[in-house]
Amino acid sequence: MPNLPEIDAATPELTAIFRDLHAHPEIGMEEVRTSAIVAARLREWGVDEVHEGVGKTGVVGILRGRGQGNRRVGLRADMDALPIHEATGLPHASTNAGKMHACGHDGHTTMLLGAAQYLAASRNFDGTAVFIFQPAEEGLGGARAMIADGLFQRFPVDEVYGMHNQPTGERGRASLCKGAAMAGASFFDITVTGKGSHAAMPQQSRDALVVASSLVGQFQTILSRNVAALDQAVLSVTQIHAGAAYNVLPETATLAGTLRFFRPEIRDLMQARMRALCNGAALAHDMTIDVTFREIFDVLVNDADLSEAWTQAAADVVGPDNVADQPPVAGSEDFADMLQLVPGAYGNVGHAGTVPLHNPGFVLDEGILPIGASIYARLIERRLPVAA
């Protein structure tokens, strides 16, 4: 595959960086060591400006090209790990108990560092490259934190790009979905409060656990009877908690879970129907039910023209026969928040790993480090070309 030769030559250094980051994972908003390494490398390689503490632990690097061009292009990578105990047995496995890079953000960070190293040495572009190293992608609002800290006011860009690894079993196959590519996500928390009693005397209770269990099934009718068949949506109850004894009917029960959607109108419909079902159950069973929704991710929408730019850069590296269209997925990604403000595109690069993301056995194929770095670099060279 035609990786950029300079990035291929730097692969041993990039691999060492990756293994170090993998061995020292930090979860969202705790990426202190990681961000310090990123900032130090950017300075070492001659990036013109390095700004730390953006959105608490984010890092932004500014690199100016050869010419006097005014256009600015952003490249983004996420840095955070997950609260998972690693079970890979790798020599460079996590040394932080209960924390693991199980989604490959250590690889994403390394790829963007590799592109920054190459571009700082070559400056083979006309304009400004903005390297965005984001904390807390895993549901903790890192993109929103950087935006709230003035990311695009302090470091404006005309367009912005990102990418994610995919353990497809095939290294170097790239893909992207134009338009609405990844679902928006809401999290919900529901507290059912009835009346506790001795388990042998249920007639004295208003059983919160029975009602909570019933709601789990009722919620699924929203998808089958309220959401149109051609609208994609997911409603998953992922937690139910109640009680602490064998002979006590608990006073309260709690439910929690997630909604996924590709249109805000569908999110609003699902939330309204959930509230209606909860209100009906509360009235029918003489209890109170409190429902709270939190908006975690926007729908990720890839710009049509800039999707072409991403796929062309990927084709430069992996070859046009290895770049494919991808259908929308119900997973979510907070790069969507950046795309709400700046047009751009977000694609995927496959690798030889086969264990799924967010699994304690997940292993990122190190062979995609120079591939991802080369795609990032080619995006800058293509979007900010030096005049002939």
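Residues numbered from 1 in each chain as written. Predicted model: local features only at pLDDT ≥ 70, side-chain atom pairs only at ≥ 80, totals over all residues. Heavy atoms only, no water.

The name an unreviewed UniProt entry assigns to the protein chain is Amidohydrolase, from the organism Paracoccus gahaiensis.

A. Looking closely at the UniProt feature "binding site: Mn(2+)" (unreviewed entry) in the protein chain. In this numbering, the UniProt entry assigns the feature "binding site: Mn(2+)" (unreviewed entry) to C103, H105, E138, H164 and H358. Their sequence span is 256 residues, while the largest C-alpha to C-alpha distance among them is just 13.2 Å; these annotated residues converge on one region. Mapped onto the secondary structure, C103 falls in the loop between β3 (72–78) and α4 (105–122). The contacts of C103, once residues within four sequence positions are left out, are L82, H108, E138, H164, N165, L357, H358 and F362. Position of E138 among the secondary structure elements: in the loop between β4 (128–134) and α5 (142–148). Non-local contacts of E138, meaning those with residues more than four positions away in its chain, are made with D80, A81, L82, C103, H105 and H358. (UniProt positions renumbered as here; feature names shortened; annotations may be inferred. Helix = DSSP H or I, 4+ residues; strand = E, 2+ residues; numbered from the N terminus. Contact = heavy atoms within 4.5 Å.)

B. Main features of the pattern of salt bridges. Scanning the entire structure with this criterion turns up 28 salt bridges. Between R41 and E13 there is a salt bridge; the shortest N-O distance is 2.7 Å. Of the two residues, R41 sits in helix α3 (residues 32–44) while E13 sits in helix α2 (residues 11–23), which places them 28 residues apart along the sequence. R383 is the partner of E159 in a salt bridge, and the nearest nitrogen-oxygen pair spans 2.5 Å. Of the two residues, E159 sits in strand β5 (residues 159–166) while R383 sits in helix α11 (residues 369–383), which places them 224 residues apart along the sequence. Look at E159 and you get buried, because its relative accessible area is 3%. One connected set of salt bridges, linked through shared partners, spans D48, E49, R64 and R123. (Salt bridge = Lys/Arg side-chain N within 4 Å of Asp/Glu carboxyl O. Buried < 20%, exposed > 50% of the residue type's maximum accessible area, 1.4 Å probe, protein only.)

C. Spatial organisation of the nonpolar core. Formed by 63 residues in total, the largest nonpolar core has its most connected members in L42, F131, F133, Y161, W310 and I375. Not counting residues up to four positions away in its chain, the partners in contact with Y161 are V73, G74, L75, R76, L306, A309, W310, F335, A345, Y376, L379 and R383. If you look at the next biggest cluster of nonpolar residues, it comprises 29 residues, including A253, F262, M274 and V299. (Core = buried A, V, L, I, M, F, W, Y, C linked by side-chain atoms within 4.5 Å.)

D. Molecular detail of the packing of α2 against α4. Between α2 and α4, the shortest axis-to-axis distance is 9 Å and the interhelical angle comes to 150 degrees. As for how α2 packs across α4, the hand of that crossing is right-handed. Residues E13, L14, I17, F18, L21 and H22 of α2 lie in contact with α4, whose contacting residues are D106, G107, T109, T110, L113, G114 and Q117. Of the residues assigned to the contact of α2 with α4, the class counts are five nonpolar, six polar and two charged. (Axes fitted to C-alpha atoms, helices over the stretch in contact; angles between N-to-C directions. Left-handed = near helix turned anticlockwise from the far one by under 90°. Nonpolar A, V, L, I, M, F, W, Y, C, P; charged D, E, K, R; others polar.)

E. The packing of aromatic side chains, seen in detail. All chains considered together, the criterion is met by three aromatic pairs. Considering the side-chain rings of F335 and Y346, the 5.4 Å spacing of their centres and the 35 degrees angle between planes classify their relative orientation as tilted. Separated by 11 residues along the polypeptide, F335 in helix α10 (residues 335–339) and Y346 in strand β16 (residues 344–350) bring together distant segments of the chain. Using a relative accessible area of 0% as the deciding quantity, one classes F335 as buried. Classification of Y346 by relative accessible area gives buried; the value is 3%. A network of ring pairs unites the aromatic residues F188, F219 and F293 as a single cluster. (Phe/Tyr/Trp six-rings, centres within 6.5 Å; stacked < 30°, edge-to-face > 60°.)

F. Helix α7 (residues 208–225), seen in detail. Counted at 1.5 Å a residue, the expected span for α7 with its 18 residues is 26 Å, and the 26 Å between its end C-alpha atoms agrees. Elements in contact with the buried residues of α7: β8 (184–193), β10 (233–242), β12 (252–261), α8 (264–285) and β13 (288–297). Taking the backbone nitrogen of L209 as reference, a side-chain oxygen 3.0 Å away marks D207 as the first, capping residue of α7. (Expected span 1.5 Å × (residues − 1). Polar contact = N/O pair within 3.5 Å; in protein donor to acceptor, adjacent residues only side chain to side chain.)

G. Representation of the pairing of β3. Here β3 lies mainly inside the structure; seven of its seven residues are buried. Residues R72, G74, R76 and D78 line one face of β3 and the alternating positions V73, L75 and A77 line the opposite face, and both faces are buried. Across seven bridges, β3 lies against β4 in parallel orientation. Directly across from G74, in β4, lies its bridge partner V130. Between the parallel elements β3 and β4, the chain passes through α4 in a crossover that is right-handed. Inspection of the sheet shows β3 paired to β5 by three bridges, in the parallel sense. (Pairing = 2+ DSSP bridges. Right-handed = clockwise from strand over helix to strand, strands pointing away.)

H. Fine view of the sheet that holds β13. Sheet architecture is open: four strands sit in the order β10-β12-β8-β13, paired in antiparallel fashion. Strands with a single pairing partner mark the edges of an open sheet, and in this sheet they are β10 and β13. For this sheet the average axis-to-axis angle between neighbouring strands, irrespective of direction, equals 15 degrees. By the bridge criterion, nine bridges tie β8 to β13 in an arrangement that is antiparallel. Across the sheet, T193 pairs through a bridge with T288, a residue of β13. Across the sheet, α7 is in contact with β8, β10, β12 and β13; its angle to β10 comes to roughly 175 degrees. Most of the contacts of α8 go to β13, to which it runs at about 165 degrees, and overall it touches β8, β10, β12 and β13.

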